[in-house]
Amino acid sequence: MALSNTTTNDRLPEENRDGGIEQDWAGNDQDWWDWYVTLAANENVPTELVDGPGLPDVAAATDEQVECELAEPYDLDPAAIESFAREAFVRLPAVLSPAVVRRLAERLEELLRAEHGDDVAGRFTALEQMWLHDDLMRAVALSPRIGGLAAALLDEPGVRLYHDNALSKEPGCGRTPWHHDAEHFPLQTVQAVTAWMPMSAIPGRMGPLSFARGREVLGEVSDLEFDKIGTSYDEAVTKRFVERDVAVESGPFAVGDVSFHSALCFHTAGPNLTTQPRRALATTYFADGARVVESPTLISGTWREFLPGIEPGGLAASDLNPVVGRRG
Ligand SMILES: O=C(O)CCC(=O)C(=O)O
Ligand SMILES: [Fe+2]
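Quick caveat: nothing in here was measured; it's all calculated off a predicted structure.

Novice: Any chance you could explain the coordination of the iron ion (ligand 2) here in plain terms?
Specialist: In an ideal octahedron of six donors the angles at the metal are 90 or 180 degrees, and in an ideal tetrahedron of four donors they are 109.5 degrees. The iron ion (ligand 2) binds to the protein through His179 (NE2), Asp181 (OD) and His267 (NE2); the donor distances cover 2.1 to 2.2 Å. Mapped onto the sequence, the residues coordinating the iron ion (ligand 2) show the spacing H-x1-D-x85-H. In this structure, histidine 179 and aspartate 181 share a single accessibility class: buried.

Novice: Just checking my understanding: could you explain the side chain of threonine 297 for this structure?
Specialist: In this structure, threonine 297 sits in the loop between strand E11 (278–287) and helix H9 (303–306). Relative accessible area serves as the criterion here: at 15%, threonine 297 is assigned to the buried category. Separated by 3.1 Å, the side chain of threonine 297 and the backbone nitrogen of isoleucine 299 make a polar contact. In this view, threonine 297 contacts Ile21, Gln23 and Glu183; residues no more than four positions away in its chain are not counted.

Novice: In this structure, what is going on with the packing of helix H2 (residues 63–71) against helix H6 (residues 144–154)? I would like to understand it.
Specialist: Packed helices, taken two at a time, are described by their axes: the angle between them and the distance between them. Put simply, H2 and H6 touch, their axes get as near as 6 Å, and they point 20° apart. Here H2 lies roughly parallel to H6, going by the angle between them. Of H6, the residues touching H2 (which contributes Glu69, Leu70 and Ala71) are Pro144, Arg145 and Ile146.

Novice: In this structure, what is going on with the pattern of salt bridges? I would like to understand it.
Specialist: If the charged atoms of two oppositely charged side chains come close together, the side chains can form a pair. Here the structure, examined in full by the defined rule, presents 21 salt bridges. Among the charged side chains, a network of salt bridges with common partners joins Glu87, Arg91, Arg213 and Glu249.

Novice: Just to check I follow, could you spell out unusual backbone geometry for this structure?
Specialist: Excluding glycine, a negative phi dihedral is what most residues carry, and trans is how most peptide bonds are arranged. The backbone of glutamine 129 shows a phi angle near 55°, a positive value even though the residue is not glycine. As for its placement among the helices and strands, glutamine 129 is situated in the loop between strand E2 (124–128) and helix H5 (135–141). Note on glutamine 129: relative accessible area 6%, which makes it buried. Phi at aspartate 155 is positive, roughly 55°, even though this residue is not glycine. The residue aspartate 155 is located in the loop between H6 and strand E3 (158–163) in this model.

Novice: Just to check I follow, could you spell out H6 for this structure?
Specialist: In an α-helix, one turn spans 3.6 residues; hence positions three or four apart end up facing the same way. With respect to burial, H6 is a largely interior element, ten of its eleven residues being buried. Taken together, the buried positions of H6 are Arg145, Ile146, Gly147, Gly148, Leu149, Ala150, Ala151, Ala152, Leu153 and Leu154. Between the side-chain oxygen of the N-cap and the backbone nitrogen of arginine 145 there are 3.1 Å, and the N-cap of H6 in question is serine 143. Positive phi appears at aspartate 155, one or two residues downstream of H6, with a value of about 55°.

Novice: Teacher, can you tell me more about the site of ligand 1 here?
Specialist: The immediate surroundings of ligand 1 are formed by Phe124, Leu167, Thr176, His179, Asp181, Thr194, Trp196, Leu209, His261, His267, Ala269 and Arg278. Here tryptophan 196 contributes a side-chain N or O atom positioned 3.2 Å from an oxygen atom of ligand 1. At 2.7 Å from an oxygen atom of ligand 1 is found a side-chain nitrogen or oxygen belonging to arginine 278. Relative to its unbound accessible area of 290 Å², ligand 1 is 95% covered by the protein chains. At the level of secondary structure, the elements contributing two or more residues to the shell around ligand 1 comprise strand E5 (176–179), strand E6 (192–198) and strand E10 (267–269). Of the residues assigned to the shell around ligand 1, the class counts are five nonpolar, five polar and two charged.

Novice: Would you explain the side chain of threonine 302 in this entry?
Specialist: Here threonine 302 lies in the loop between E11 and H9. Threonine 302 gets classed as buried once you look at its relative accessible area, which sits at 11%.

About the thresholds
- Residues numbered from 1 in each chain as written.
- Chains lettered and ligands numbered in written order.
- Predicted model: local features only at pLDDT ≥ 70, side-chain atom pairs only at ≥ 80, totals over all residues.
- Heavy atoms only, no water.
- Donors = N, O, S within 2.8 Å, 3.2 Å for Na, K, Ca; no water.
- Buried < 20%, exposed > 50% of the residue type's maximum accessible area, 1.4 Å probe, protein only.
- Helix = DSSP H or I, 4+ residues; strand = E, 2+ residues; numbered from the N terminus.
- Polar contact = N/O pair within 3.5 Å; in protein donor to acceptor, adjacent residues only side chain to side chain.
- Contact = heavy atoms within 4.5 Å.
- Axes fitted to C-alpha atoms, helices over the stretch in contact; angles between N-to-C directions.
- Parallel < 35°, antiparallel > 145°, perpendicular 65-115°, else oblique.
- Salt bridge = Lys/Arg side-chain N within 4 Å of Asp/Glu carboxyl O.
- Near = heavy atom within 4 Å.
- Areas by Shrake-Rupley, 256 points an atom, 1.4 Å probe, with all protein chains shown as cover.
- Nonpolar A, V, L, I, M, F, W, Y, C, P; charged D, E, K, R; others polar.

Honestly, that's just the spatial picture; any functional story needs more than this.
The following block contains the structure:
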């Protein structure tokens, strides 16, 4: 079996086929992901699927327990703040209890099934803005615990919500292309961070999020040209990182681990070579006071959904961007 996103790209909406990246994305958010994963190279990837780890083997928390846990501050080690500042990402243990992960995973399964049905093999299925219509997902997106961590790691007095996200890499879906999120977020700041919250343990064969170490890595690849129809950019980044000895952290996630990666962090994820969907909730926060860039691009996707009524250049503070986290 070939991995699903190894075919040449025909996923770019008709309206976006001409010109460079300086244009609005013409499709919806799922179209964006279906396109985006075709930009990843998948040569020499094994294709045999093995069993996944399953959901945490505990009783699910009640909804009240989920809300309580997500409202409690996390005891952040100052060394983790330093590590984030230096490396542009950090992985924190026990941010979520196994029982809470289990409850969220069960709810996410229902939401994904309602949206995408069962016929999803090999795809990267996404959901966003779940917090607008689901109480549990609202508890995650507006979580003082997660938002507080975002503010503390960015060292910002307050952070606003950009959007929530569910990222389900279905069995047999290939790699996520190398990128950094500053090019995804149409914001005039690099003070933005994404909390990536796995909904199970994520062993190596399941495609854990993987990070190039260091804030300065961006400079090593800034001359490489983005490729909107093929895998040449992803391949060039991989090659450059090897040539320049850039260290990549691609270890597994334990249940309850949550990573935070800065908009400056270069990251990728391996293919999902298990029979279980690789699922994570990912919520992005940015520094209060940031403005929208003058010219959002194709890579900014459906940004108008996340900043309704805000025009290029405007203050990024719509009704859908509440201040969620404050530095303790
Ligand atoms: O889940 C993935 O494979 C990619 C996620 C990602 O790039 C992000 O959350 O910034
Ligand atoms: Fe990303």
